[in-house]
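Tertiary structure, described
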Amino acid sequence: VLKLREFFEGYVEWAIAAGCAAIEYGYPKTANDIDIIMRKKDLARARRLMEMLTPTEIITHSKPTEYTGFKIALYNTDIEFFADPVFHTSQGTFTYSADDEMFNHTRRIMLKERDFIPVISPEDTLAFYALRQSREKYDEIRIKHILAKQLIDKELLLRRIQKIGEEKAYERAS
């Protein structure tokens, strides 16, 4: 991940998301892969940069979560890069956008002395799992661990969830 940080520095805005973020914020399990969220406009650039290191594989996920991105295997770890996942739930279809507010609230997590990587905030991690609405049996457990271990900015969490709801309302009106 530190190699990715060095490689993307100044070219692509990105952050660790999903399982690795949940682990950082209190979920006591290990991750099978690393999920990296970025702006949709940066996805193609990131892929070109990564192809300089290793072959990439285009991935397309379908319902209940849809997104297009790419995957690489680096140091025996699968790393998935994605932008704007779409969640299909019983309440409707919602897009989780990598936007300015998300990037402004990322946390810098130290991996080694003076080496930091960006991780989406605990509030964005909670919004992410809440949107999935227990697509996986562990989502509810992840949410409980994050709530128990992190001081949550309730206003930020509410804004993030409301923004997603507003985007949904806009899509319905269009």
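Refer to the structure printed above.
Residues numbered from 1 in each chain as written. Predicted model: local features only at pLDDT ≥ 70, side-chain atom pairs only at ≥ 80, totals over all residues. Heavy atoms only, no water.

Attention now moves to the environment of Gln91. Along the polypeptide, Gln91 turns up in the loop between β6 (86-89) and β7 (92-95). According to the relative accessible area criterion, Gln91 is exposed, its value standing at 55%. In this structure the C-alpha to C-alpha distance between Gln91 and Leu131, which are 40 residues apart in sequence, comes to 9.6 Å. (Helix = DSSP H or I, 4+ residues; strand = E, 2+ residues; numbered from the N terminus. Buried < 20%, exposed > 50% of the residue type's maximum accessible area, 1.4 Å probe, protein only.)

For residues that are not glycine, phi is negative in most cases, and the peptide bond is trans in most cases. With a phi close to 55 degrees, Ala18 is a non-glycine residue in the positive phi region. Mapped onto the elements, Ala18 comes out in helix α2 (residues 18-24). Among the residues examined, Ala18 registers a relative accessible area of 7% and is labelled buried. Phi at Asp84 is positive, roughly 45 degrees, even though this residue is not glycine. Considering the arrangement of structural elements, one finds Asp84 in the loop between β5 (77-82) and β6.

A separate point is helix α3 (residues 40-51). Spanning twelve residues, α3 covers 18 Å between terminal C-alpha atoms, matching the ideal 16 Å at 1.5 Å per step. Residues of α3 that are buried: Asp42, Leu43, Ala46, Leu49 and Met50. Seen along its axis, α3 keeps its buried residues to an arc of 135 degrees; they face one direction. Along α3, exposed side chains directed more than 90 degrees from the buried face belong to Lys41 and Arg48. (Expected span 1.5 Å × (residues − 1). Arc of directions from axis to C-beta.)

For the structure shown, the criterion picks out twelve salt bridges. Its salt-bridge partner being Asp124, residue Arg160 comes within 2.8 Å of it at the nearest N-O pair. Taken together, the residues Arg160 in helix α7 (residues 154-173) and Asp124 in helix α5 (residues 122-132) connect sequence positions 36 residues apart. The burial state of Arg160 is the same as that of Asp124; both residues are buried. Residue Lys144 is joined to Glu140 by a salt bridge in which the shortest nitrogen-to-oxygen separation is 3.3 Å. Residue Lys144 and its partner Glu140 are both found in helix α6 (residues 139-149); the two are separated by four residues, about one turn of the helix. Note on Lys144: relative accessible area 52%, which makes it exposed. Residue Glu140 is classed as partly exposed on the basis of its relative accessible area of 44%. Through salt bridges with shared partners, one network takes in Asp99, Glu101, Asp124, Arg159, Arg160 and Lys163. (Salt bridge = Lys/Arg side-chain N within 4 Å of Asp/Glu carboxyl O.)

Next up on the list: the pairing of β5. The pairing of strand β2 (residues 33-38) with β5 spans five bridges and is parallel. Bridging across to β5, Asp33 finds its partner in Asp78. Bridge count between strand β4 (residues 65-74) and β5: six bridges; the pairing is antiparallel. Counted as the bridge partner of Gly69 is Phe82 from β5. The antiparallel pairing of β4 with β5 creates a hairpin that spans two residues between the two strands, and Tyr75 there sits at a positive phi of about 55 degrees. (Pairing = 2+ DSSP bridges.)

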